[in-house]
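Spelled out, the chains give:
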Amino acid sequence: RWAPSAAHWRILAETEAVLRGKGHALAAEARLELAHALAQARRTPAQREQFALALSRGFALQQRALESHGKGDLREAVRLLREALAVYKPVLGESHPVSAHALDNLGIALQDLGEHKAALAALRQALAARRADFGDNHPICARSLNSLAR
């Protein structure tokens, strides 16, 4: 299942790079999907299950964190986001787009809590991961820059 998917993403990534340029957002996203498909193809079924469980648990923690943030319980939001990152790190690594998203959310929660130094570190790490994955011109990098500017 994953080898044909990787072949598809390889063709798309090469096509987008030729047609739009390597730095274009769609070319970057195709490269990222190719990397994901190749990584999944290398994983054993048990590793793929672990990957899926980590994503599911991390997403649930992030959702709870957003709810806590919305209710004004910033300390709980920060705790949940740190827990989500702890779930993601061994499976996805710190620079994966999902981890970067959680870092961005953590930075915003820390800003709102008044912990500006910690917020800045999280937001810079999120931006660096996104730039590495997508390049400077991708809209997701603009989100990170906007978070830094708050």
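Predicted model only: the values in this text are computed from it and were never measured.

**Digging into the side chain of Gln40**
Within the secondary structure, Gln40 sits in helix 2 (residues 25-42). A residue is classified by how much of its surface remains accessible, and Gln40, at 5% relative accessible area, is buried. With residues up to four places along the chain from it excluded, the contact list for Gln40 reads Trp2, Arg48 and Phe51.

**Overview of the side chain of Ser99**
In this structure, Ser99 sits in helix 5 (residues 97-113). The residues contacting Ser99, other than those within four sequence positions of it, are Leu85, Tyr88, Leu92, Gly93 and Glu94.

**Focus on helix 2**
Residues spaced three or four apart along an α-helix point in a common direction, a consequence of the helix completing one turn every 3.6 residues. Between its first and last C-alpha atoms helix 2 spans 26 Å; for 18 residues at 1.5 Å apiece the expected length is 26 Å, and the two agree. What helix 2 keeps buried is the set Ala25, Ala27, Ala28, Ala30, Leu34, Ala37, Ala39 and Gln40. Among the structural elements, helix 1 (2-20), helix 3 (45-70), helix 6 (116-134) and helix 7 (139-149) are those in contact with the buried residues of helix 2.

**Some remarks on the pattern of salt bridges**
The full count for this structure, using the stated rule, is ten salt bridges. With a shortest N-O distance of 3.0 Å, Arg150 and Asp112 are connected by a salt bridge. Here Arg150, found in the segment after helix 7, pairs with Asp112, found in helix 5; they are 38 residues apart in sequence, far enough to count as distant. Looking at Arg150, the relative accessible area reads 51%, which means it is exposed.

**Remarks on the nonpolar core**
If you look at the biggest cluster of nonpolar residues, it comprises 23 residues, and the most contacted ones within it are Leu55, Tyr88, Leu92 and Leu106. Looking at this core, the elements that each hand over two or more residues are helix 3, helix 4 (74-92), helix 5 and helix 6. Of the residues forming this core, the biggest block, nine residues, is contributed by helix 4. If sequence neighbours within four positions are ignored, Leu92 has contacts with Phe51, Leu55, Val98 and Ser99.

**Comments concerning the packing of helix 1 against helix 2**
Close contact between helix 1 and helix 2 brings their axes to 8 Å; oriented N to C, the two are set at 160°. Considering their axes alone, helix 1 and helix 2 lie roughly antiparallel with respect to each other. By crossing handedness, the relation of helix 1 to helix 2 is classed as left-handed. In this structure, helix 1 uses Trp2, Ala3, Ser5, Ala6, Trp9, Arg10, Leu12, Ala13, Glu16, Ala17 and Arg20 to contact helix 2, whose residues at the interface are Leu26, Ala27, Ala30, Arg31, Glu33, Leu34, His36, Ala37, Leu38, Gln40 and Ala41. Considered class by class, the residues forming the contact of helix 1 with helix 2 number 14 nonpolar, three polar and five charged.

**Description of the confidence of the model for the protein chain**
Averaged over every residue, the pLDDT of the protein chain is 91; residues scoring 70 or more account for 100%. At the level of individual helices and strands, the protein chain shows its lowest average pLDDT in helix 2, which scores 85, and its highest in helix 4, which scores 96.

**Brief notes about the layout of surface pockets**
There is about 320 Å³ of room inside the largest pocket. If you go around the largest pocket, you meet 16 residues; those closest to its centre are Leu32, His36, Phe51, His96 and Pro97. Those elements that provide at least two residues to the lining of the largest pocket are helix 2, helix 3, helix 4, helix 5 and helix 6. In terms of residue count, helix 2 provides more of the lining of the largest pocket than any other element does, five residues in total.

About the criteria used
Residues numbered from 1 in each chain as written. Predicted model: local features only at pLDDT ≥ 70, side-chain atom pairs only at ≥ 80, totals over all residues. Heavy atoms only, no water. Helix = DSSP H or I, 4+ residues; strand = E, 2+ residues; numbered from the N terminus. Buried < 20%, exposed > 50% of the residue type's maximum accessible area, 1.4 Å probe, protein only. Contact = heavy atoms within 4.5 Å. Expected span 1.5 Å × (residues − 1). Salt bridge = Lys/Arg side-chain N within 4 Å of Asp/Glu carboxyl O. Core = buried A, V, L, I, M, F, W, Y, C linked by side-chain atoms within 4.5 Å. Axes fitted to C-alpha atoms, helices over the stretch in contact; angles between N-to-C directions. Parallel < 35°, antiparallel > 145°, perpendicular 65-115°, else oblique. Left-handed = near helix turned anticlockwise from the far one by under 90°. Nonpolar A, V, L, I, M, F, W, Y, C, P; charged D, E, K, R; others polar. pLDDT = per-residue confidence, 0-100. 1 Å grid on protein atoms, 1.4 Å probe; cavity = no way out; pocket = protein on both sides within 12 Å on 5 of 7 lines; lining within 4 Å. Points joined across faces, edges and corners; volume = space filled by probe spheres on them.

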